[in-house]
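Fold and geometry: a report
Residue-level listing of the chains:
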Amino acid sequence: MGIEGVGARVARKEDKRFITGAGRYVDDMVVPGMKHAAFVRSPHAHAEIKKIDIKKAQAMPGVIGVLTGEELKADGIGNLICGWMIHSKDGSPMKMGAWSPLAFDRVRYVGDAVVIVVAETKSQARDAAEAVDITYKELKAVVDAPKALERSAPQIHPEAEGNLIFDWELGDSMATNAAIKAAAHVTRMKIVNNRLVPNAMEPRAALGYYDKAEDHYTCWTTSQNPHLARLVMSAFYNVAPENKLRVIAPDVGGGFGSKIYIYPEEIICLWASKKTGVPVKWVADRTESFLTDAHGRDHVSTVEMAFDKDNRITGLKVDTIANLGAYMSLFSSCVPTYLYATLLSGQYDIPAIHANVRAVYTNTAPVDAYRGAGRPEATYLLERTMETAARELGVSPAELRRKNFITSFPHQTPVIMNYDAGDYAASLDAAMTAADYAGFAQRKAAAKAKGKLRGIGMSCYIEACGLAPSAAVGSLGAGIGLWESAEVRVNAAGTIEVLTGSHSHGQGHETTFAQLVNQRFGVPIDSVSIVHGDTDKVQMGMGTYGSRSGAVGMSAIVKALDKVEAKAKKIAAHLLEADEGDIVIENGALKVTGTDRQVPWFQMALAAYTAHNLPDSMEPGLKETAFYDPSNFTFPAGCYVCEVEIDPETGVTEIVQFVAADDFGNIINPMIVEGQVHGGVAQGIGQALLEGTRYDASGQLLTASYMDYTMPRADDLPSFKVSTSNTPCPGNPLGIKGCGEAGAIGSPPAVINAITDAIGITDIAMPASPSTVWAAIRATKH
Amino acid sequence: MSDISLTVNGKRVSGTAEDRTLLVHFLRENLGLTGTHVGCDTSQCGACVIHVDGKAVKSCTMLAVQASGSNVVTIEGLADGADLHPVQAAFKEHHGLQCGFCTPGMIMTATDMINRHPEGLNEATVRAELEGNICRCTGYHNIVKAILAASETMSKGRARQAA
């Protein structure tokens, strides 16, 4: 490892622009003639649109255009789609209701876009939006997923009878039922996974620019995957053909999944730019973000876990109702199915598993992938159940887990996944040592002496990431492949540009990807530029989500670097009159091994472009492209331990220590990996203690601002103790598993296990806010 | 509409804005200083923190006209030429940022916090005083570390100046 190579703790190259205020986010973009948009949104959760009167708004100062869904439909703009087909267990395809970018006949959640107003200034657009007069006929709404399945529930989409989108299953029902019947002990729980709002700090934004002379569109947008946005907007929404649509995702201020999807606003801004003849910019305010960003989680499940007399798990049966909101967002269907039920084996050797999942419509914001996406729900269900089982069986939670660990690899689970490598006992041991698990009883006694309730909880998680082998996901219903592309351009004087389909919105790719190049060629990272986020610059790529940029994105770069290296060695061998097999790359030069003969990197590059003296029939230049399609998912895993102290008088929970021991495979930059864990754990603690998304029964979002939705703040959290004990991933050239989501997946059950341990109860609802905890403590006294 | 004149990052500037224009919008739209960000509508997130007459202020809580005559420093004016301010340098060194969106507000808040605590800072104080700045990426771990490190550096700097 060099000082800038793989494994080095290199400070980030991209930081300078962010710390000096020179970052370039969508809202910072200005193009000549640009005007501003505001949306008129439904104030009702469920209503028919009777009449839209735009006359008064059209006459307001500065107004350039007021456009409706009827016009959008007339112009042939298509409905939004869900790109992953799920079939119910009866073989029928999922029931997808129509989602028009601008609603014209019915609205189905508070925030549904109905009219766009374009004006000279943002304030004028908002003033005019207030003047749009829409007559609604209110309909009964339903926000709770189990209630949406009741006979009395209002019908939300004509396509989905009884609001049921699909009724899907995975695993062996008969074998699982038999295991439960024969069990020495069965632990049964109802598990609720609370709805969350992703809350990237940069609100979503779009700037649409139609160039009449070229009949060409440009869209600057807050996207984690600009190529996918272009593909979907071209192929499904009929905005423009791909060659007439450029999508740019510049600096993006966090995503966490919420910026994967193609939302109505970017489509409408592009269309509105053509209609009005001006570039149109829209930036969400925070309440719009709360109302319309795809939410996460929202599962209600029952679980039965069967054990034999030796406390080995013999079967797991899960029944889940997943709330998908008012419309099916782009990947909504795969989250509670193939990203969830396939992980229900956890770190354990479970011979029989069966999961049944019903996905339902409600009059709430669409629900899709949020950091972890399905895997946090699986982990929460499993690790809460393991903890409860240990308490029921009267055994140590750590030892019950250890007894059931998978210990040999590869391991085929009963729910599709084939785990390739891992050492779960190593993470468990590391976490217990770091947390001084053995000393807990003493700490609990000390806490009790000062009137506090102290509890400890753990969680052993596994996730599948490095999404994903294209043929495999295709066979499961994905409408896309999940490979990644890379292009490596060696310039004539030896500097290097790497063009990648991955997109960085905080992950630090400009540094880690450059470290990889430095490792291979010895070129300083300052001489390596990472280009991403622009469909005009970068060939088709799939973007960043599912912790895939390392395992998939960097593997594509490795493939391209391999090709560059092979050609560079041929050129050097020719220049040095040596055998190509004898050329090695060391310290920025190509050398004949065992001699002092060498050609510096830049000189080899120059030779490639002057082309005065190349091997016979070699093409000039040094630029290579690669597409990498993974052969398997990757399986990061780890053990988290949380210790809490609760004030029984106030119900306030303090996290006194939080330990994360992860196995991420090989690591490019430990500093960045630790940062990913910190952030993920904070979001998981947020879910467990603070973040609750509340709709009232009429479908009004009660938590639509930072005054009402509790974001984790610095004084809610401790410093974290993080470590890794890594088993390299055998499935990709770098041995990387991925680290982006682990923190959010592993932490919520650890926190709730600690709280229930402290209070001495079986379950408590997330978020375990002070009032909830206080009430739970009171209930134990009656 | 009102005429507004103030000093921003050491330069006298003036402009015209609607009376309802917030200071943050005046900085971003009239002056093109887009380093100051808007992350919420309720003065909670702190992405818009700047210094007004030497104090940290959420620039979304102030009308532009109210800032007339003030001396404003934004993230763009914090560094001394090519030399990063110690707080900026510490955020980079300790990986106190990921997506960068909350970072300008964090750095301006941290600078003010350190200035108000010449006696030095501890973790509990830093966490308590960061309550008005929300970050979704870092879990605050490395932000806290960066602020403590910058506080050390700046107090050493003051000690050297005194000597």
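These remarks concern the structure in this document. (Residues numbered from 1 in each chain as written. Chains lettered and ligands numbered in written order. Predicted model: local features only at pLDDT ≥ 70, side-chain atom pairs only at ≥ 80, totals over all residues.)

Residue and element names in this part refer to chain A. Spatial ordering of the open sheet is given by S18-S26-S27-S28, a layout of 4 strands whose pairing is mixed. Taken across any chain shown, the strands that pair with only one partner, and hence form the sheet edges, are strand S18 (453–462) and strand S28 (721–724). Adjacent strand axes in the sheet meet at a mean angle of 15 degrees when their direction is disregarded. Where strand S27 (residues 652–663) lies against S28, 4 bridges are found, and the strand directions are parallel. Counterpart to valine 659 in the pairing with S28 is lysine 721. (Pairing = 2+ DSSP bridges. Helix = DSSP H or I, 4+ residues; strand = E, 2+ residues; numbered from the N terminus. Axes fitted to C-alpha atoms, helices over the stretch in contact; angles between N-to-C directions.)

Many descriptions give the size of an interface as the accessible area lost when the pieces come together. Across the contact, 45 residues belong to chain B and 42 residues belong to chain A. At the level of secondary structure, the elements contributing two or more residues to the side of chain B that touches chain A comprise helix H2 (86–93), helix H3 (103–116), helix H4 (123–129) and helix H5 (141–162) of chain B. Per-element tally for the side of chain B that touches chain A: the top contributor is H2 of chain B, with 4 residues. Here the side of chain B that touches chain A is composed, by residue class, of 20 nonpolar, 15 polar and 10 charged. (Contact = placed C-beta atoms within 7 Å. Nonpolar A, V, L, I, M, F, W, Y, C, P; charged D, E, K, R; others polar.)

What follows is about H5 of chain B. Here H5 of chain B contains 22 residues, and its C-alpha end-to-end distance of 32 Å stays within 8% of the 32 Å for a straight helix at 1.5 Å per residue. Every buried residue of H5 of chain B is listed here: His141, Asn142, Ile143, Val144, Lys145, Ala146, Ile147, Leu148, Ala150 and Ser151 of chain B. For H5 of chain B, the elements touching its buried residues are helix H18 (670–690) of chain A together with H2, H3 and H4 of chain B. (Expected span 1.5 Å × (residues − 1). Buried ≥ 20, exposed ≤ 12 C-beta atoms within 10 Å, placed from the backbone.)

Moving on: the pairing of strand S9 (residues 205–211) of chain A. Each regular strand shows side chains that alternate between the opposite faces of the sheet. Of all 7 residues making up S9 of chain A, 6 are buried, and the element is well covered by its neighbours. The hairpin turn running from S9 of chain A into strand S10 (residues 216–221) of chain A, its antiparallel successor, is 4 residues long, and aspartate 215 of chain A in that turn takes a positive phi close to 50 degrees.

Across soluble globular proteins, nonpolar side chains show a tendency to be buried alongside one another. By size, the foremost hydrophobic cluster in this structure holds 315 residues, and its most contacted members are Ala37, Val115 and Val117 of chain A together with Ile147 of chain B. By residue number, the principal contributor to this core is helix H16 (residues 549–576) of chain A, which donates 11 residues. When sequence neighbours within four positions are dropped, the list of residues in contact with alanine 37 of chain A reads Ile116, Val117, Val118, Ala125, Cys269, Ala272, Val280, Lys281 and Trp282 of chain A. (Core = buried A, V, L, I, M, F, W, Y, C linked by C-beta atoms within 7 Å.)

Turning our eyes to something else, we now look at unusual backbone geometry. Residue and element names in this part refer to chain A. At the junction of phenylalanine 409 and proline 410, the peptide bond is cis and its omega measures out at 0 degrees in the coordinates. Considering the arrangement of structural elements, one finds proline 410 in the loop between helix H11 (397–404) and strand S16 (411–412). Between leucine 467 and the following residue, alanine 468, the backbone shows a cis peptide bond with an omega angle of -10 degrees. The phi dihedral of asparagine 587 is positive, around 50 degrees, even though this residue is not glycine. Along the chain, asparagine 587 falls in the loop between strand S22 (583–586) and strand S23 (589–592). Residue classification places asparagine 587 among the exposed positions, given that 10 C-beta atoms sit within 10 Å.

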